[in-house]
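Topology and contacts: notes
Here are the chains, one letter per residue:
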Protein chains: 2
Amino acid sequence: MRARVTIIDVAAAAGVSVGTASKALNGRGQLRQDTRDRVAAAAERLGFQANSLARGLLSGRSFTVGLITTDSFGRFSIPVMLGAEDALGAGQMSVFLCDGRGDPIRERHYLQTLLSRRVDGIIVTGRRADPRPPLGIDLPVPVVYALCQSADPADCSVISDDDQVGRLAASHLLSVGRSRIGHITGPAGFLAVRRRSAGAQAVLKEAGMSFVDPGSQYGEWSEEWGRQATRILLRATPDVDAIFCGSDQLGRGVADALREAGRRVPDDVALVGVDNWEVMALACRPPLTTVDLQLQELGRSAAALLLDAIDGRPAAGVHTTPTRLVVRESTGALA
Amino acid sequence: MRARVTIIDVAAAAGVSVGTASKALNGRGQLRQDTRDRVAAAAERLGFQANSLARGLLSGRSFTVGLITTDSFGRFSIPVMLGAEDALGAGQMSVFLCDGRGDPIRERHYLQTLLSRRVDGIIVTGRRADPRPPLGIDLPVPVVYALCQSADPADCSVISDDDQVGRLAASHLLSVGRSRIGHITGPAGFLAVRRRSAGAQAVLKEAGMSFVDPGSQYGEWSEEWGRQATRILLRATPDVDAIFCGSDQLGRGVADALREAGRRVPDDVALVGVDNWEVMALACRPPLTTVDLQLQELGRSAAALLLDAIDGRPAAGVHTTPTRLVVRESTGALA
């Protein structure tokens, strides 16, 4: 380790006072250009780095934002974080990471820490669209909720367009000629699950159809449930020719159960999943057509809204970001 | 949003000067106890939060550490980060998050940002044990490499005990009575892959055995390779009664291929994976016995070593952390 180069070293090397060196490095005050150049050259030669802490105190901004996750950086928070990091501009704003782990006490503690560190704003990420209690009341900095929704309508939240997810899936299955469409999905308690189902149903209704199994198959987010629900669906409606699966994980279970029941995908039954979680969608046999939630875009939007709010232009309400169909072999559209 | 409460507000509410309020809140100087109490009460009533930025300038420490990941917070970095966050003590040290994305230029940029923010130390996380170039030369703060290894032996690195991974897997297969043991794993270019193989081979050798297939099955980290390698192994050595799989993802592919070849797991062939990646190990049919790398423990160790280094007690060299066997149905030991 080497001792840090301080502004005192730079001033000495440039043959000026510390005050002059400071002015030169911060571009302030009345100085001759050759003085500024000499200080800049000395700073570069010595590898001097301006002290962001001190600069933050002067500007009243820390150029940091806090990022509180609720799912231990699970596969939902990660792309959101990546997108936010992109939008905040590497090196312009730094991100303080806090893992709330779904624990309100831990979250409150982190909020205090972030405020004491004078962050300019906070992003809270989640993994479901259902309204959650706001992070705090009357907070001194703006907060944006990403992939979750504050119960306070005055807050700013960004979630994916789950109605569109269902519409994209159903429209695609219709476009490849399917007409006996089943639905196997996650817990009915999830707002996103209900919205995706409703979006698909709206498209089917426009085409004069409905899901073949009137009691939709709600269950847990697991491959096991995907397999089990498929066996139930095949008994109830053996002539099903497509299944809209509420996640890629479910879709993979559905594909396995269909194969074990002697049904070919996509020839006999076409499949669409949701998430574009590649470890599931690509390992599925055959690879799964799916709706990508574009979570990185969602993170970018959330960060952009936060920067606007920091600049005094808050945007209250729930914002949705677009999703995208990714076509693979499970709907036969590539053949 | 509410204006921030400043120390000026606290001083006014307590009826003291700003200097006195500052001394009282920082526990410094000569003050009467009732003055301290009055200031503390005013601060609490107003919801005053001490300014960490200013405190950092006084103490010469920022109480922040940087965390640079190389795999976009993939499933390897995440548990390491969680462990590090635990060890750093929520609220004691805050973590600046930087996603290097495996790009040396991006990493260098982040290094400069972190140094300019006066972090007290830096943790670099990776996803493979192979030596990597050091983050920088003569850095002014300590650096610890977690789940990766600096090529400079003077640096401090923490990786999992991959020799032990192989030993645990092979010992367990021997303990459940298997003697015709095959090996299907990832790229031979990975140091961890070679160490795990060597650890297993050492245990087999002690028992007077070796892998049934002398040319070990090195390939890519995918279920598809697990299936393909299984078909090759079954052709070459049809009497194989156990397979040590280099990852849970491979193990899942192996299990599928065995089932499709009419072999029962564990009755005919027992399986052990590596990672304890639950989405793979639990979804495997049957659930997979595996070696857990205990990455969260690894992160905790790395953070503890960083704190020691910040306190002037650096520990150069490569440290390994223990792994743990998790027994499930795929080795029949539960029956």
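Below you will find a few notes about this structure. (Residues numbered from 1 in each chain as written. Chains lettered and ligands numbered in written order. Predicted model: local features only at pLDDT ≥ 70, side-chain atom pairs only at ≥ 80, totals over all residues.)

Right, let's get into the pairing of strand 7 (residues 156-160) of chain B. Within strand 7 of chain B, five of the five residues are buried, leaving the element largely enclosed by the surrounding structure. Residues Cys156, Val158 and Ser160 of chain B line one face of strand 7 of chain B and the alternating positions Ser157 and Ile159 of chain B line the opposite face, and both faces are buried. (Buried ≥ 20, exposed ≤ 12 C-beta atoms within 10 Å, placed from the backbone. Helix = DSSP H or I, 4+ residues; strand = E, 2+ residues; numbered from the N terminus.)

Quick look at the packing of helix 5 (residues 77-88) of chain B against helix 12 (residues 295-310) of chain B now. Relative placement of two packed helices is described by the angle separating their axes and the distance separating the axes. Residue and element names in this part refer to chain B. Relative to each other, helix 5 and helix 12 sit at 45°, their axes nearing to 6 Å. It follows from the interaxial angle that helix 5 and helix 12 lie oblique. Every pair of crossing elements has a handedness; the one defined by helix 5 and helix 12 is right-handed. Along its contact with helix 5, which presents Pro79, Val80, Met81, Leu82, Gly83, Ala84, Asp86, Ala87 and Leu88, the element helix 12 presents Leu295, Gln296, Glu297, Leu298, Gly299, Arg300, Ala302, Ala303 and Ala304. Taken together, the residues of the contact of helix 5 with helix 12 sort by class into 12 nonpolar, three polar and three charged. (Axes fitted to C-alpha atoms, helices over the stretch in contact; angles between N-to-C directions. Parallel < 35°, antiparallel > 145°, perpendicular 65-115°, else oblique. Left-handed = near helix turned anticlockwise from the far one by under 90°. Contact = placed C-beta atoms within 7 Å. Nonpolar A, V, L, I, M, F, W, Y, C, P; charged D, E, K, R; others polar.)

Once that is clear, we can look at the sheet that holds strand 14 (residues 324-326) of chain A. Residues and elements named next belong to chain A. Taken together, the six strands give an open sheet; going across it, the order is 9-8-10-11-12-14, and neighbouring strands pair in mixed fashion. Pairing within the sheet leaves two strands with one partner each, and these edge strands are strand 9 (217-218) and strand 14. As judged from the two bridges shared by strand 8 (residues 181-185) and strand 9, these two strands associate in the parallel manner. Residue threonine 185 lies in a different strand from strand 9, and its bridge partner there is tyrosine 218. Sheet strands in contact with helix 8 (residues 191-206) are strand 8, strand 10 (242-245) and strand 11 (270-275), and its direction is about 175° off that of strand 8. The strands touched by helix 10 (residues 248-260) within the sheet are strand 8, strand 10, strand 11 and strand 12 (289-292), with strand 11 carrying the most contacts at an inclination of about 155°. (Pairing = 2+ DSSP bridges.)

The values are spatial; any link to function lies outside them.
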